[in-house]
Amino acid sequence: MQAVSPSISPTPNRVTLWSALLSVYILWGSTYLFIHFMTEQMPPLYMAAMRYIVAGILLYSYARLTGTPRATRVEWRSAGIIGVLLLTISNGCLTLGIQYIPTGVAALLGGMLPVFLLTLNWVSFGRQRPTNMALAGLVVGLAGIYFLIKPDKLQGTGGMHANLVGSSLVVFGNFAWAIGTLLAPRVSLPSGTISSGIQMIVGGVVLLLISLAMEPVTPWSLLVAPPKAIWSMFYLVVFGSIVGFSSYAWLARNAPPQLLSTYAFVNPVVAMLLGTFFAGEIFSSQSLIGALIALVGVVLITLGRK
């Protein structure tokens, strides 16, 4: 990597913004594949819970050791609510959904997220109407998603019923994620890394309780997990949770919803490519055309943001 010349003075906010966006674009695009690897031979909710508990403890410990003050009771409650929405409900639904549909299709269904984000921000949270170009970008992006997930293109392993179950779980998870994203800047959250740590700890613990009630596991089942599941979980802890989620949490507080929502159109392309090369998932030429159309939607939303 070439060093930045002393004569160049980039705007720190812009550099931070695009660094966070690239982390969410690329790293989160890869998480679908690793969730698949992590849950191939292990109960999905249990592994998702352990992923967030480990990542949350690491983030919280780092924040406290570097001098971040303790969160107040109100901040713990607010961060816990966001953690339940984003991680327990949304990521729990995603992890379950991937058991029924291919990872690429699960990522493509994330194209519903901008609809929820912009609509909820318009009619409820922010009372802010998106620009016409941003709305056009949503239409174009969703048209691309349509080509990608037409019922005859859903290539799950359990038939149409399984496809509908998996798709419904992922879409509901996106709705919960949109609520959590728009609620985050409107509640009292601790600043910096400690906020993400608390969200992961609370979201992970609630998810673990659900797992213990629904899945054949104990708190120590991780000790007998196969190596592939363990390594996949640690990849998700570091790159999906610590780096990716922290970047997303920062963007939720500092970026407009139109720009933040663009990651939902980029992640599917990354997930499709990884799923094709490493998980043997098959996508038609129509699916590739749909991916290109979705990327056009990303450009329109980005250019049309206020």
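Computed from a prediction, not measured in an experiment: that's the story for all the values here. Note that residues are indexed from 1 along each chain, following the sequence as it is written. Reporting of local features is limited, given that this is a predicted model, to residues whose pLDDT is at least 70; pairs of side-chain atoms are given and counted only at 80 or more, and all residues count toward the totals for whole chains, interfaces and linings. The basis for the side-chain values is all heavy atoms of the structure; hydrogens and waters are excluded.

Of all hydrophobic cores here, the largest spans 78 residues; its most connected members are Y46, M47, W177, L222, L251 and Y263. Going along the chain from the N terminus, every DSSP run of H or I of four or more residues is numbered as a helix, and every run of E of two or more is numbered as a strand. For this core, the element with the most residues is helix α2 (residues 44-65), which contributes 12 residues. When neighbours within four sequence positions are excluded, W177 is seen to be in contact with W28, L85, L86, S90, L113, F245, Y248 and Y263. Within this scheme, the nonpolar core is defined by two criteria: the residues are buried Ala, Val, Leu, Ile, Met, Phe, Trp, Tyr or Cys, and they are joined through side-chain atoms within 4.5 Å. For the exposure calls, accessible area comes from a 1.4 Å probe over protein chains only, and a residue counts as buried if that area is under 20% of its type's maximum, exposed if over 50%, partly exposed in between. By the convention used here, residues are in contact when the closest approach between their heavy atoms is within 4.5 Å.

For helices, the fitted axis covers only the stretch in contact; all axes are lines through C-alpha atoms, and the angles between them, taken along N-to-C directions, range from 0 to 180 degrees. As a packed pair, helix α3 (residues 73-97) and helix α8 (residues 193-214) sit with axes 7 Å apart at the nearest point and diverge in direction by 55°. Between α3 and α8, the crossing angle belongs to the class labelled oblique. Helix-helix and strand crossings are classified by hand; for α3 and α8 the assignment is right-handed. Every residue of α8 that contacts α3 at W76, A79, G80, I82, G83, V84, L86, L87, T88 and G92 is listed here: S195, I198, Q199, M200, V202, G203, V206, L207 and I210. Working rule for angles: under 35 degrees goes down as roughly parallel, over 145 as roughly antiparallel, 65 to 115 as roughly perpendicular, anything else as oblique. Crossings are classed by handedness, with left-handed meaning an anticlockwise turn of the near helix from the far one by less than a right angle and right-handed meaning a clockwise turn.

Here S23 lies in helix α1 (residues 12-39). Excluding its chain neighbours within four sequence positions, the residues that come into contact with S23 are W28, V243 and S247.

Moving on, we get to the packing of aromatic side chains. Under the pairing criterion, centres of Phe, Tyr and Trp rings, with the six-membered ring standing for Trp, must be within 6.5 Å; the plane angle then separates stacked pairs below 30 degrees from edge-to-face pairs above 60, leaving the rest tilted. Overall, the coordinates contain seven aromatic pairs when judged by the stated rule. With 5.9 Å between their ring centres and 55° between their planes, Y60 and W76 make a pair best called tilted. In this pair, Y60 sits in helix α2 while W76 sits in helix α3, placing the two residues 16 residues apart along the sequence. For W76, a relative accessible area of 30% corresponds to the partly exposed category. Through pairs of rings, three or more aromatic residues link up here, namely F34, F37, Y235 and F239.

This part is about a nonpolar patch on the surface. Grouping into patches uses exposed residues only, defined as over 30% relative accessible area, and leaves out salt-bridged ones; the cut-off is 9 Å for like charges and 5 Å for nonpolar side chains (Val, Leu, Ile, Met, Phe, Trp, Tyr). Note that accessible areas follow from Shrake-Rupley with a 1.4 Å probe, and for residues the cover is restricted to the protein chains shown. We define a salt bridge as a contact between a side-chain nitrogen of Lys or Arg and a carboxyl oxygen of Asp or Glu at a distance within 4 Å. Taken together, M133, V299 and L303 make up a surface patch of nonpolar side chains, about 290 Å² in accessible area. If you trace the backbone, V299 turns up in helix α12 (residues 285-304). For V299, a relative accessible area of 46% corresponds to the partly exposed category.

The next thing to look at is the packing of α2 against α3. α3 packs onto α2 with a crossing angle of 145° between their chain directions and a minimal axis gap of 10 Å. The handedness of the crossing between α2 and α3 comes out as right-handed. In this structure, α2 contributes P44, L45, A48, R51, Y52 and Y60 to the contact, and α3 contributes W76, L87, N91, G92, T95 and L96. Of the residues that constitute the contact of α2 with α3, the class distribution is eight nonpolar, three polar and one charged. Any residue outside Ala, Val, Leu, Ile, Met, Phe, Trp, Tyr, Cys, Pro, Asp, Glu, Lys and Arg is labelled polar, Gly included; the first ten of those are nonpolar and the last four are charged.

Moving on, we come to the environment of P44. Looking at where P44 falls in the secondary structure, it is placed in helix α2. For P44, a relative accessible area of 12% gives the class buried.

Another point: the confidence of the model for the protein chain. The predictor attaches a confidence to each residue, called pLDDT, with possible values from 0 through 100. In the predicted model, the protein chain carries a mean pLDDT of 83, and 88% of its residues have values of at least 70. No element of the protein chain has a lower mean pLDDT than α12, at 73, and none a higher one than α3, at 96. Low pLDDT (under 50) marks residues 1-12, which in the prediction has one contact with non-local residues, meaning those over four places away or in another chain.

Moving on to α2. With 22 residues, α2 extends 32 Å from end C-alpha to end C-alpha; this agrees with the ideal 32 Å at 1.5 Å per step. Looking one or two places after α2, you find G67, whose phi comes out positive at around 95°. Here a helix's expected span is defined as the number of its residues, less one, multiplied by 1.5 Å.

Another aspect to go through is the environment of G83. Mapped onto the fold, G83 is located in helix α3. Placed 120 residues apart in sequence, G83 and G203 show a C-alpha to C-alpha distance of 4.6 Å. If near-sequence neighbours (up to four positions away) are discounted, G83 is found in contact with T88, Q199 and G203.

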